[in-house]
Amino acid sequence: MDRFLLPKDGSSIKRKAETDVEKRASKSRKYDASYLDLGFTCVTINGEIKPQCVVCGMTLANESLKPNKLKRHLETKHGSLVGKNTDFFARKLEDIIHQKDTVKNVVSMPTNALKASYQVAYHIAKNKKPFTDGEKVILPAMLDVARTMLGEKAAEKVKMVPLSDTTICRRISDMSEDIHRQLLARLKSSLFSLQLDEATDLSKDAHLIAYVRYCHKTVILEDFLFCKPIRGQATASILFDILNDFLCSNGLKWDSCVGICTDGAPSMCGARAGLKAKVLKVAPHILWTHCMIHREALAVRNMDRELGDVLDCAVKIVNFIKAHPTRARLFAILCAEMGADHNGLLFHTEVRWLSRGKVLNRIFELRNEVRQFLLDLDPYKAEQLCNPRWLVLLAYLADIFDKLNSLNLSLQGAESTSFTMCKKISAFKKKLELWKRLIKDGLLEAFPCLSEAVEDTGYELESAAEVITNHLTSLRGGLEKYFPEDIDHDKDWVFQPFLVDAGTHLPVHLQEDLIEVQSDRVLEMQFSKIPLAEFWLKMSEEHSCLSKIAVKTILPFSSSYLCEIGFSALAVLKTKYRSRLEVEHNLRMAVAKIHPQIDNLCGEKQAHPSH
């Protein structure tokens with residue numbers, strides 16, 4: 001019975017296995033020495049030693065190891081080789097071993113080349129480069145580097161990577177579809193919100209771009225969803241059909257969408273016939289948001305006539321110099337001779353949110369150079385730059401629009417919420433009241449350009465104080481119109497759950513849950529260390545109702561910033577040299593945050609080397 005007892009550890013089993021392997025290897029070597037003169041070697045398959053013909057490569061059964069059977073195979077299949085010496089069959093054996101290594105290399109090289117092709121295509125798409133760069137730029141550079149650093153053999157291997165323009169196009173489409181599948185799989189099990197915008201590219205083609213914000217594990221992510229061409233006019237019906245068809249065809253439900261953010265175009269925000277009306281008809285629970293950055297730009301557009309005339313005159317001066325190439329070059333030379341910090345002015349573009357502040361700041365900084373340049377070319381415009389009141393008002397506009405630019409930039413960026421944006425707008429309103437008081441008291445610490453202009457010209461600030469304070473009052477009124485103070489106060493408990501009086505308007509059972517959260521010191525410490533979205537997503541098991549309401553509050557976009565980023569990428573992708581480009585796959589690869597599963601894509605393809 002002792003022979004059936006197992007050892008106390010695995011050492012005996014391990015030693016026995018090693019001994020068996022050594023015995024089989026030794027036996028195989030013995031057979032190799034014994035049967036090579038008959039044209040056979042031995043191979044081990046599934047633990048059995050089998051004879052393999054070194055001439056034709058045929059593997060026989062284990063029972064064929066008998067010399068007479070091996071000799072019969074040699075006489076019947078290779079009769080002309082009977083009587084050859086052992087050295088002849090040894091050379092045949094070496095040929096077989098070499099062929100095996102060659103086949104192994106031939107199989108592995110195209111597989112690696114296929115993966116390398118996907119990797120190069122990924123970088124081309126991420127950097128928004130033409131498909132032809134792969135074969136015309138990247139591959140020759142790779143060959144030169146490999147040949148110089150590693151030798152000709154390495155260059156031959158690199159040459160196998162397929163990088164033609166059509167191959168790069170297919171690779172980008174494959175990776176884009178893979179990213180899209182990953183995103184849809186996440187969206188089907190999560191709540192999400194959308195951000196929409198439409199614009200026309202260089203080829204006069206209109207596109208509807210959509211970004212999505214969704215929950216994934218314990219974080220909230222934002223990513224590119226689609227870019228669809230708009231056939232015909234960009235009416236609300238066509239925009240709704242594009243959006244609805246996309247959701248239905250990809251298995252996404254309107255019930256999972258909690259919010260949509262767009263700009264203020266009538267086709268988007270029309271309450272009766274716009275996209276908003278059509279969406280709310282099928283999904284009345286959706287929170288519709290007008291982009292807060294766009295609202296801020298609308299709120300600060302109006303100004304009184306005198307300030308408007310100063311702005312118009314400044315724009316005309318810029319156009320007079322910048323629109324003529326010779327004048328622009330001569331002005332740059334003058335700026336260099338006078339030691340200016342800049343060598344040119346900036347064009348004003350009404351549709352660009354930051355244009356006014358940058359243009360006015362630049363012309364104020366170069367006011368002396370501009371005055372000197374215009375003395376001979378246009379004395380009337382030069383006279384404006386000698387007018388103290390005009391200079392003081394120009395300096396004020398440069399200061400106030402610089403502050404508005406700072407506000408605008410603070411509202412931009414990914415992962416922003418309506419709560420944080422409204423707090424920034426509210427703070428700016430309070431600053432406007434502070435600046436009004438400072439101007440009335442003659443204090444100019446908050447307005448550096450205005451202070452410099454008053455000091456240089458000796459102009460009495462009291463003469464322009466009324467115009468300035470009226471403009472500040474107008475700004476405050478515009479912000480009040482587009483950003484009422486009572487916005488989002490009912491949701492303050494989501495962003496500040498540990499305030500004692502937060503959530504008093506909630507139903508009783510939710511107030512009880514919120515009190516439990518507020519009483520937990522561990523949760524309070526976690527709240528200060530982790531992102532807001534992660535905090536509420538982690539609460540989904542213990543306080544599911546509170547967590548669900550909080551997530552629905554955080555998910556909606558508050559601006560169309562990502563769509564603007566998307567259209568900027570589209571402008572780089574679709575140039576006059578690539579006017580026929582189908583943009584969706586390329587745009588997704590350029591801006592998407594999900595990484596393609598290149599190994600899986602390679603596994604689905606048959607590898608072929610480049611010819």
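Colleague: Outline the pattern of salt bridges, supporting the account with residue identities and numerical values.
Modeller: The final tally for this structure, using the stated rule, is 19 salt bridges. Among the salt bridges present, the one from Glu452 reaches Arg367, with a minimum N-O distance of 2.9 Å. Here the residue Glu452 occupies a position in helix α18 (residues 448–457), and Arg367 occupies one in helix α14 (residues 367–377), the gap between them amounting to 85 residues. The salt bridge partner of Lys381 is Asp378, with a shortest N-O separation of 2.8 Å. Lys381 sits in the buried class, given a relative accessible area of 17%. According to the relative accessible area criterion, Asp378 is buried, its value standing at 15%.

Colleague: Please give an account of the sheet that holds strand β4 (residues 206–216) that cites residues and values.
Modeller: Taken in spatial order, the five strands make up an open sheet running β5-β4-β3-β6-β7, and their pairing is mixed. One side of each edge strand has no neighbouring strand; the edge strands of this open sheet are β5 (219–230) and β7 (287–290). Looking at each pair of strands side by side, their axes are set apart by 20 degrees on average, direction ignored. Relative to β4, strand β3 (residues 192–200) runs antiparallel, the two being bridged by nine bridges. By the bridge assignment, Phe192 is partnered in β4 with Tyr214.

Colleague: Could you give me a rundown of the packing of helix α16 (residues 388–411) against α18, with the residues and numbers involved?
Modeller: Closest axis-to-axis distance for the α16/α18 pair is 7 Å, and the angle between their directions is 165 degrees. Classified by the angle between their axes, α16 and α18 sit roughly antiparallel to one another. Classified by chirality, the crossing of α18 by α16 is right-handed. Contacts between α16 and α18 involve Pro388, Leu391, Val392, Ala395, Tyr396, Ala398 and Asp399 from the former and Pro448, Cys449, Leu450, Ala453, Val454 and Thr457 from the latter. Here the contact of α16 with α18 is composed, by residue class, of eleven nonpolar, one polar and one charged.

Colleague: If you had to explain helix α7 (residues 236–249) to someone new, which residues and values would you point to?
Modeller: In an α-helix there are 3.6 residues to a turn, and that puts residues three or four apart on one side. Helix length check: α7, at 14 residues, gives a terminal C-alpha distance of 20 Å against a target of 20 Å (1.5 Å per residue), a fit within 8%. For α7, every residue scored as buried is listed here: Ala236, Leu239, Phe240, Ile242, Leu243, Phe246 and Leu247. On an axial view of α7, the arc spanned by its buried residues comes to 160 degrees, and they lie on one face. Across α7 from its buried face, at more than 90 degrees, point the exposed residues Cys248 and Ser249. Just downstream of α7 lies Gly251, where phi reads positive at about 75 degrees.

Colleague: Before we move on, can you summarise the side chain of Arg213 with the specific residues and values?
Modeller: Its place among the elements puts Arg213 in strand β4. A polar atom in the side chain of Arg213 sits 3.0 Å from the backbone oxygen of Ser416. Contact partners of Arg213, with chain neighbours within four places excluded, come to Leu191, Phe192, Ser193, Ile220, Leu221, Glu222, Glu415, Ser416, Ile554, Leu555, Pro556 and Phe557.

Colleague: Break down the environment of Lys129 for me, citing the residues and quoting the values.
Modeller: Take Lys129: it is sitting in the loop between α3 (86–126) and α4 (133–149). Contact partners of Lys129, with chain neighbours within four places excluded, come to Ile124 and Arg578.

Colleague: Could you give an account of the nonpolar core, with specific residues and numbers?
Modeller: Of all hydrophobic cores here, the largest spans 145 residues; its most connected members are Ile260 and Leu450. For this core, the element with the highest residue contribution is α16, accounting for 14 residues. Look past the residues within four positions of Leu450 in its chain and what remains in contact with it is Val392, Ala395, Tyr396, Asp399, Ile439, Leu444, Leu461 and Ile468. Core analysis: the next-biggest nonpolar cluster, separate from the first, contains 24 residues, Ile220, Val494, Leu510 and Leu523 among them.

Colleague: An account of the environment of His595 is needed here, citing residue identities and associated values.
Modeller: Structurally, the position occupied by His595 is in the loop between α26 (583–591) and α27 (598–603). Under the relative-accessibility criterion, His595 is labelled partly exposed at 45%. Put simply, His595 and Tyr122 are 473 residues apart on the chain and 9.5 Å apart in space, counted from C-alpha to C-alpha. Residue contacts for His595: discarding those within four places in its chain leaves Tyr122, Ile179 and Gln182.

Calculation criteria
Residues numbered from 1 in each chain as written. Predicted model: local features only at pLDDT ≥ 70, side-chain atom pairs only at ≥ 80, totals over all residues. Heavy atoms only, no water. Salt bridge = Lys/Arg side-chain N within 4 Å of Asp/Glu carboxyl O. Helix = DSSP H or I, 4+ residues; strand = E, 2+ residues; numbered from the N terminus. Buried < 20%, exposed > 50% of the residue type's maximum accessible area, 1.4 Å probe, protein only. Pairing = 2+ DSSP bridges. Axes fitted to C-alpha atoms, helices over the stretch in contact; angles between N-to-C directions. Parallel < 35°, antiparallel > 145°, perpendicular 65-115°, else oblique. Left-handed = near helix turned anticlockwise from the far one by under 90°. Contact = heavy atoms within 4.5 Å. Nonpolar A, V, L, I, M, F, W, Y, C, P; charged D, E, K, R; others polar. Expected span 1.5 Å × (residues − 1). Arc of directions from axis to C-beta. Polar contact = N/O pair within 3.5 Å; in protein donor to acceptor, adjacent residues only side chain to side chain. Core = buried A, V, L, I, M, F, W, Y, C linked by side-chain atoms within 4.5 Å.

None of this, on its own, says anything about what the molecule does.
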